[in-house]
Structure formats: C-alpha cells, structure tokens
Amino acid sequence: CLYERANGEPLWRHGVSYGVADSRARRDLVLRMVTHAGNYDYLFDWVFTQDGLIRVNVGATGIVQVKSADPISSGKRGDQYGRYISPNLVAVNHSHFMAFRIDLDVDGTDNSLVVERLKTEKLPAQNPRRSVWKAEASVAKVEKEGQLMSMMTEPHVWRFVNPAVKGVAGDPVAYQVAMDHGAMSLMTPDDWMVKRAGFINHMLWVTPYRPDELFAAGAYPTLSTRGEGLPTWTAANRPIENTDVVAWVTVGFHHVPRVEDWPVMPVAWHGFEIKPNGFFARNPGLALPK
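Everything in this summary refers to the structure shown in the same document. Just so it is clear, the structure is predicted and the values come from calculations on it, not from any experiment. (Residues numbered from 1 in each chain as written. Predicted model: local features only at pLDDT ≥ 70, side-chain atom pairs only at ≥ 80, totals over all residues. Heavy atoms only, no water.)

Some points on the sheet that holds strand β6 (residues 82-86)
Next, step 1: The strand order β5-β7-β6 describes an open sheet built from three strands, whose pairing is antiparallel. Each of the sheet's edge strands pairs with one partner strand only, and the pair in question is β5 (66-68) and β6. Taking each pair of neighbouring strands and ignoring which way they run, the sheet shows an average axis angle of 40 degrees. (Pairing = 2+ DSSP bridges. Helix = DSSP H or I, 4+ residues; strand = E, 2+ residues; numbered from the N terminus. Axes fitted to C-alpha atoms, helices over the stretch in contact; angles between N-to-C directions.)

Right, dumping it as structure tokens:
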C-alpha cells in the first residue's frame, strides 16, 4: 500500500530568546509491504519525508516460536534457551537478519563509498579541553574495504558520493546510510545458518552493479551450499570506486521474548536511514506551509 500520514512530529523547530518559535509539522509518504513467513509477519516500510530523507523500517510481529516445558513450580526449569510466557510454555530466544539491496545512483551512476571514521584526538596539556573528536575520511576502492560493521567501539559514517558533482559547500553530493543499531551474529562460523546466510557477517557490503546479483544469500537460500551470494561475489574483491555501486544493508536484532509478546507479539520496529548529506543547498523542508 501507498499512503500519506501526518505523524504528529515536527519536521523542524526553533525558538529564540524573546519567546518566538517557528516550526513545521511533518507529513510522510509511506510505501508498505507486509509478508507472512511461518509464525512471523514482517512489515517493510519505505518512508519518504519532506527533508529528503528515506527511512526504512522493519516491523516484526506474529506468534513467537514456543515449546512445552515443566512449570517453574516443579523445579525443572525449561528456560535455558528462552523465557516462560505462560506456566507450561517457553518462547525460544532467536535472531532476525534482513538484507536490503539498495542500488544507489547519487546524481548519476558513478558513485563511491566514503567511510568517515570518528577518531578521538587528545589535546595539549595547556588546553582546558582534554579531547575532541574528528572524522577521518577515506574512499573504499575495492569490495573488501566496503565490508563494514558500525559498532560503538569503531563508529563510522557511510557516505555514498558522486565525485563528479559538487554541492554548495564544494564537496561531492552524497547520501548517507545511517543505522539505528545492529546485531552481530551469536552463532559460530561453522553453523549452517551462518554458512548459508553469510551476509550477516557485515552490516554493510558494497558491490559493483551486476544485473544478476539480486539476493544476498543466493537465489535459493534454503537449498543452497555455503557461501552463496555476497561472500562468493565479493571474493573477487572487485573495484568499487567511482562506478555504479550497490549497497547491501543488513538489519539484525536479537529477541529474548517477553510475557507481553504472547499470544501475538506487538510490532517491534528496527531499521536505518538513507539521508542527504551535501545533496541539497539547505534544509529542503524550510519552505513548507504552516
């Protein structure tokens, strides 16, 4: 379905010291697909906002997988790998991983991935501030350099730029992929789920565009052999600088069930954003009517 919604949030707001504030209400255009997969239902929303941002949301709902168990009162606890959601039922711990294929064409097809690593810099002793941080940018030249995990220990900013087109500040126009958060796999590398779904090993993959490379885990994941899809394609370590590139974003989350998830769980939302970075001359939502 495709629909417009007023979500009750401001697109922007600012108040000044003499008590006058200005703001604009936000309206979204939402493209939604719902799929039923066994015991789960997934909602996939592509949300287009008036500041040029694209928000990708994944909503998980449905019925959690359960197994019978002795009641807690028996002293034989059955919740080593899950959580009791009723006296004789345990909902098992599990993880969800989704791969999104994004054919980014930022003002043309010849794009590059710029990785900005956020680094702490210690200041001289005479400075009252002890540290600052800065963004150190580098261009990913081959596929291995485009395989990234954005974690708290090594934060990144991922910008897909068109080197041939400059924005108002003189930098290449860009769109940035920003993760809400991500989950690393808790399975061992020799687990067959990891072998068949190798895309979960990175939150971001970047490949050169190929019309036959469509599915992150290969064309037939349930009957596949190990390593199909992204691990096989990227083994060639092909160039990805200043060419037609495809971004593959992995959204992952772990689920330790709650009693409130039974019998039908509320929708749990996760996702990421694709947002302009130097693409427009200013905030595109400034001219919205009040």
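A look at the packing of aromatic side chains
Next, step 1: All chains considered together, the criterion is met by eight aromatic pairs.
Next, step 2: Centroid distance Tyr 42 to Phe 44: 6.4 Å. Interplanar angle 40 degrees. Geometry classified as tilted.
Next, step 3: By the ring-pair criterion, three or more aromatic residues cluster together here, those being Tyr 40, Tyr 42, Phe 44, Trp 46, Phe 100 and Phe 272.
Next, step 4: The side chain of Lys 195 reaches across the aromatic face of Trp 192, ending 4.5 Å from its centre. (Phe/Tyr/Trp six-rings, centres within 6.5 Å; stacked < 30°, edge-to-face > 60°. Lys NZ or Arg CZ within 6 Å of the ring centre and 35° of its normal.)

Concerning the sheet that holds strand β9 (residues 112-122)
Next, step 1: An order of β1-β2-β3-β4-β15-β12-β11-β9-β10 is seen for the nine strands of this open sheet, with the pairing classed as antiparallel. The two strands at the open ends of the sheet, each matched to only one other strand, are β1 (2-15) and β10 (131-139). Taken over all neighbouring pairs, the strand axes of this sheet differ in orientation by 25 degrees on average, direction set aside.
Next, step 2: Where strand β12 (residues 172-179) and strand β15 (residues 265-276) come together, five bridges link them in antiparallel fashion. Residue pairing across strands places Gln 176 opposite Lys 275, the latter belonging to β15.

Purely spatial values, then, with no claim about function.
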